[in-house]
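# Reading the structure
Spelled out from the first residue to the last, the chains are:
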Amino acid sequence: MKLLAIIPAYNEQDCIVETIRELDRVAPDVDILVINDGSTDGTGDLCRREGYNFLDLPVNVGLSSGFQAGMKYADRQGYDCAIQFDADGQHRPEYIKPLLEAMEQSGADIVIGSRFVTKKKDVSARMAGSALISFLIRLTTGKRLSDPTSGMRMYNRRAMAEFVKRYDFGPEPDTLANLIRKGFKVVEVQVEMRERETGESYLSFSKSIMYMARAFVSILIVQWLR
Amino acid sequence: MSINYRIVLVLGAIVVFAFVLRKLKKTEMSVANSVFWLLFAVALVIAAVFPSVVFFFSGLIGIESPSNFIFLCVIALLLIKCFTLTVEVSSLRERLDVLAQEIALRDKDRHERYKTKRESVDNDVR
């Protein structure tokens, strides 16, 4: 299976090179596409200098639309599946293979690299939010997802097509809920993640409330309309 | 409705007219978008010049003070405008995102074709 790793990068000059070096070393068969989402630091220059396969978005469009650009590329280039991979080094490339194997064996449309299949969530505000979203998804779809906010997700062509044609459809938990309800098969595989080392998360603390509010509205209301 | 209140309404309408006309002159506002604001100003003038109209409608829905009725109308209009603007912003945002994505994708496509062309030229030379 031809797999593309989509790496959204907004101002990630401090960690992008190390992340890609590790990815190249550990998973050499995986093609890489960096999405330079209108970075204002040296991310774009780094991509050019290192000769990365990358998309250069002229303005910052945010994670959802940046990732959608990557999915459009994967779709047009005929990839069988695509995985979202963080630029900041949180995701470990040694888990790409187990995810791919799970996708092939189970015939799942989406495979989530989950931190909590066999391990318990620690107690923090962030995990309370995660548990709440899990509950909402369980409530509306009946499906138990232990790590709905994990950013490490693999999609097959069928799921890819949804990301290409729909708008306001980011790589987020509410999208998972919507796809589950539409009959997409989602499987979780236990992975480990690192704490992020540098850079600022897409989800800064002040934005968490907005993130949760959006997830609530989207999972409880909007998914019945779309 | 006191005469002072009516004067304030007319002054308000004049200010709105002045702003809208200036933006229209500098083509910083499209004619279609100016219609709302011009009608808004006209409505203020009508309310000031013919208070009987305001009295009639406020009586109709049981509002004692006609100035309250004017408040209600202005707030309702602003909410409608705000709502349509939100819709408009969402639609603009979507189109902006698609444009940015297409620019990046086509840029990349062109770059790839250029690269493969150069490589084949290089091979021919060899």
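Not measured: the values here are computed from a predicted model. (Residues numbered from 1 in each chain as written. Chains lettered and ligands numbered in written order. Predicted model: local features only at pLDDT ≥ 70, side-chain atom pairs only at ≥ 80, totals over all residues. Heavy atoms only, no water.)

### Some remarks on the nonpolar core
Nonpolar side chains tend toward joint burial in soluble globular proteins. Basically, it comes down to this: Put simply, buried Ala, Val, Leu, Ile, Met, Phe, Trp, Tyr and Cys residues joined by side-chain atoms within 4.5 Å make one nonpolar core. Throughout this description, buried means an accessible area under 20% of the type-specific maximum (1.4 Å probe, protein chains only), exposed means over 50%, and partly exposed covers the range between. Working rule for contacts: check all heavy atoms of both residues, and any pair within 4.5 Å makes them a contact.
Leu55, Met71 and Ile110 of chain A are the most contacted members of the largest nonpolar core, which totals 38 residues. Among all residues touching Ile110 of chain A, those that are not within four sequence positions of it are Met103, Met154, Tyr155, Ala159, Leu176, Leu179, Lys185, Val186 and Val187 of chain A.

### Some thoughts on the UniProt feature "transmembrane region" (unreviewed entry) in chain B
Residue and element names in this part refer to chain B. Which entries qualify depends on this criterion: UniProt positions are given in the numbering used here, feature names are shortened, and annotations may be inferred rather than shown by experiment. Numbering of helices and strands starts at the N terminus; helices are DSSP runs of H or I of at least 4 residues and strands are runs of E of at least 2.
UniProt marks residues 6–24, 36–63 and 69–87 with the feature "transmembrane region" (unreviewed entry), using the numbering shown here. End C-alpha to end C-alpha, residues 6–24 measures 27 Å, and it is 100% helix and 0% strand. Between the end C-alpha atoms of residues 69–87 the distance is 27 Å, and the span holds 100% helix and 0% strand.

### Topic: the packing of helix H5 (residues 125–141) of chain A against helix H8 (residues 205–220) of chain A
Packed helices, taken two at a time, are described by their axes: the angle between them and the distance between them. Residues and elements named next belong to chain A. Heads up, the condition is: Orientation is described by lines fitted to C-alpha atoms, with helices fitted over the stretch in contact, and by angles between N-to-C directions that extend from 0 to 180 degrees. Oblique is the label for any angle not covered by the other classes, which are roughly parallel (under 35 degrees), roughly antiparallel (over 145) and roughly perpendicular (65 to 115). Under this grouping Gly is polar, as are all residues other than the nonpolar Ala, Val, Leu, Ile, Met, Phe, Trp, Tyr, Cys and Pro and the charged Asp, Glu, Lys and Arg.
Across the interface, H5 lies against H8 with an axial gap of 10 Å and an inter-helix angle of 5 degrees. Judged on the interaxial angle alone, H8 and H5 are roughly parallel. Here H5 contributes Gly129, Leu132, Ile133, Leu136, Ile137, Leu139 and Thr140 to the contact with H8, which in turn contributes Tyr211, Met212, Ala215, Phe216, Ile219 and Leu220. When its residues are assigned to classes, the contact of H5 with H8 shows 11 nonpolar, two polar and no charged.

### Here's the deal with the pattern of salt bridges
Residues and elements named next belong to chain A. Our working rule: Within this document, salt bridges are pairs made up of a side-chain nitrogen of Lys or Arg and a carboxyl oxygen of Asp or Glu, the two lying within 4 Å of each other.
Scanning the entire structure with this criterion turns up 20 salt bridges over all chains. Residues Glu22 and Arg194 are paired through a salt bridge, measuring 2.9 Å at the closest nitrogen-oxygen approach. Taken together, the residues span a long stretch of sequence, with Glu22 in helix H1 (residues 16–26) and Arg194 in the loop between strand S7 (186–190) and H8 at a distance of 172 residues. Overall, Arg194 belongs to the partly exposed group, its relative accessible area being 23%. For Asp45, the salt bridge is made with Arg48, and the minimal N-O distance between the two is 3.6 Å. Within this pair, Asp45 and its partner Arg48 are both found in helix H2 (residues 43–50), separated by three residues, close to a single helical turn.

### Details of the interface of chain A and chain B
Put simply, the rule is: Buried area is a sum: the accessible area each of two parts loses on coming together, probed at 1.4 Å, counted once for each and added. Two N or O atoms count as a polar contact when they lie within 3.5 Å, although within protein this holds only if one can serve as hydrogen donor and the other as acceptor, and sequence-adjacent residues are included solely when both atoms are side-chain atoms.
Between chain A and chain B, the contact holds 17 residues from the first and 12 residues from the second. Of the roughly 1300 Å² buried at the junction of chain A and chain B (both faces included), carbon and sulfur atoms supply 59%. On the surface where chain A and chain B come into contact, there are one salt bridge. Between Glu102 of chain B and Arg76 of chain A there is a salt bridge, and its shortest N-O distance comes to 2.6 Å. Linking chain A with chain B are eight residue pairs in polar contact (both at pLDDT 80 or more). The set of elements that each furnish at least two residues to the side of chain A that touches chain B consists of strand S3 (54–57) and helix H3 (62–76) of chain A. Here the element with the most residues in the side of chain A that touches chain B is H3 of chain A; it accounts for seven residues. Per-class residue counts for the side of chain A that touches chain B are 10 nonpolar, four polar and three charged.

### Describing unusual backbone geometry
Residues and elements named next belong to chain A. Phi angles above zero are rare outside glycine, and Asn11 is one such case at about 50 degrees. One can find Asn11 in the loop between strand S1 (3–9) and H1. A residue is classified by how much of its surface remains accessible, and Asn11, at 25% relative accessible area, is partly exposed.

### Structural notes on the packing of aromatic side chains
Note the cut-off: In this analysis, rings of Phe, Tyr and Trp, with Trp reduced to its six-membered ring, are considered paired at centre separations within 6.5 Å, and the interplanar angle assigns stacked below 30 degrees, edge-to-face beyond 60, and tilted for intermediate values. We call a charge positioned over a ring when the NZ of a Lys or the CZ of an Arg lies within 6 Å of the ring centre and within 35 degrees of the ring normal.
Under the definition given, this model contains nine aromatic pairs over all chains. Judged by centre distance (4.9 Å) and plane angle (90 degrees), the rings of Phe36 of chain B and Trp37 of chain B are edge-to-face. When the ring of Phe36 of chain B is compared with that of Phe40 of chain B, the centres are 6.2 Å apart and the planes differ by 15 degrees; the resulting orientation is stacked. Here Phe36 of chain B pairs with Phe40 of chain B, and both are found in helix H2 (residues 31–49), just four residues apart, close to one helical turn. Taken individually, Phe36 of chain B and Phe40 of chain B each receive the classification buried, so the pair is uniform in this respect. One aromatic cluster is present, formed by Phe67, Tyr155, Phe163 and Phe169 of chain A through successive ring pairs. Looking at Lys2 of chain A, its charged tip hangs above the ring of Tyr79 of chain A, at a distance of 4.6 Å from the centre. Its end group placed over the ring of Phe184 of chain A, Arg158 of chain A keeps NZ or CZ at 4.0 Å from the ring centre.

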